[in-house]
Amino acid sequence: MACVDHNDDSVRRFIVRHYAYDPTRHERRHIVVAAYDNEREFKEQIDRRSRELKNRRERGESVDPREHISGICVEPGEAHRRAAVRVVMAAVRHGVAPPEAALDQARGAAGFAFSRSERLEPNDAGPP
């Protein structure tokens, strides 16, 4: 299996996650199990781990009903775009215009869209 670093933002990666209780953080969260550069291996790993979880439930082991295995595909540069989105959102929360560079970098980030509006001064409203 071709495992890759799930933090390597230079490659397309398929990340397998296990949603479970994390005792070190005292919360339920998605825990990264593995990352692959091959979708077939990614799907096989999700299927295998899902079967293991199902078998644990069937044997009567104590398994949180919310616990599950899932996965995501992360395109190259997505972590960089998401960081730019955080800069843009922080600027907006503070009531200032976001830097143009951050807006340019944020374009194309998953789940992020923006529009721009400008306030017209009374004498800039144009002809009556």
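Residues numbered from 1 in each chain as written. Predicted model: local features only at pLDDT ≥ 70, side-chain atom pairs only at ≥ 80, totals over all residues. Heavy atoms only, no water.

1. Quick notes on the overall build of the protein chain
Looking only at helices and strands, the protein chain features three helices and three strands. Walking the protein chain from its N terminus toward its C terminus, one meets helices and strands in the order β-β-α-β-α-α. Against the 2.2 N^0.38 benchmark of 14 Å for 128 residues, the protein chain shows a C-alpha radius of gyration of 22 Å, more extended than a compact globule. Counting over 128 residues, the protein chain shows a buried share of 29%. With the model as given, the accessible surface of the protein chain reaches about 9100 Å², and the carbon-plus-sulfur share is 51%. Averaging the positions of the 23 positive and the 22 negative side-chain charges in the protein chain gives two centres separated by 5 Å. (Helix = DSSP H or I, 4+ residues; strand = E, 2+ residues; numbered from the N terminus. Rg over C-alpha atoms; globule rule 2.2 N^0.38 Å. Buried < 20%, exposed > 50% of the residue type's maximum accessible area, 1.4 Å probe, protein only. Areas by Shrake-Rupley, 256 points an atom, 1.4 Å probe, with all protein chains shown as cover. Lys, Arg positive; Asp, Glu negative; His and termini not counted. Charge placed at Lys NZ, Arg CZ, Asp CG, Glu CD.)

2. Regarding the pairing of strand β2 (residues 27-36)
Bridging between strand β1 (residues 13-22) and β2 involves nine bridges; their strand directions are antiparallel. By the bridge assignment, tyrosine 19 is partnered in β2 with histidine 30. (Pairing = 2+ DSSP bridges.)

3. Structural notes on the nonpolar core
Across soluble globular proteins, you tend to see nonpolar side chains buried next to one another. Counting residues in each nonpolar core, the largest one holds nine residues, listed as Phe14, Val16, Ala34, Tyr36, Phe42, Ile46, Leu53, Val63 and Ile69. Those elements that provide at least two residues to this core are β1, β2 and α1 (39-58). For isoleucine 46, the residues in contact, after removing those within four places along its chain, are Val16, Ile69, Ser70 and Gly71. (Core = buried A, V, L, I, M, F, W, Y, C linked by side-chain atoms within 4.5 Å. Contact = heavy atoms within 4.5 Å.)

4. Some points on the sheet that holds β1
The three strands lie next to each other as β2-β1-β3, forming an open sheet whose pairing is antiparallel. Here the strands that pair on one side only, and so sit at the sheet edges, are β2 and β3 (68-74). Sheet twist, expressed as the average angle between the axes of neighbouring strands with direction ignored, equals 30 degrees. The sheet strands contacting α1 are β1, β2 and β3, and the helix crosses β3 at an angle near 165 degrees. (Axes fitted to C-alpha atoms, helices over the stretch in contact; angles between N-to-C directions.)

5. Observations regarding the layout of surface pockets
Put simply, the largest pocket is a space of about 270 Å³. As for the largest pocket, its lining consists of 13 residues, and the residues nearest its centre are His6, Ile15, Arg17, Ile72 and Val74. Elements with a minimum of two residues in the lining of the largest pocket: β1, β2, β3 and α2 (78-93). Class assignment for the residues of the lining of the largest pocket results in six nonpolar, three polar and four charged. (1 Å grid on protein atoms, 1.4 Å probe; cavity = no way out; pocket = protein on both sides within 12 Å on 5 of 7 lines; lining within 4 Å. Points joined across faces, edges and corners; volume = space filled by probe spheres on them. Nonpolar A, V, L, I, M, F, W, Y, C, P; charged D, E, K, R; others polar.)

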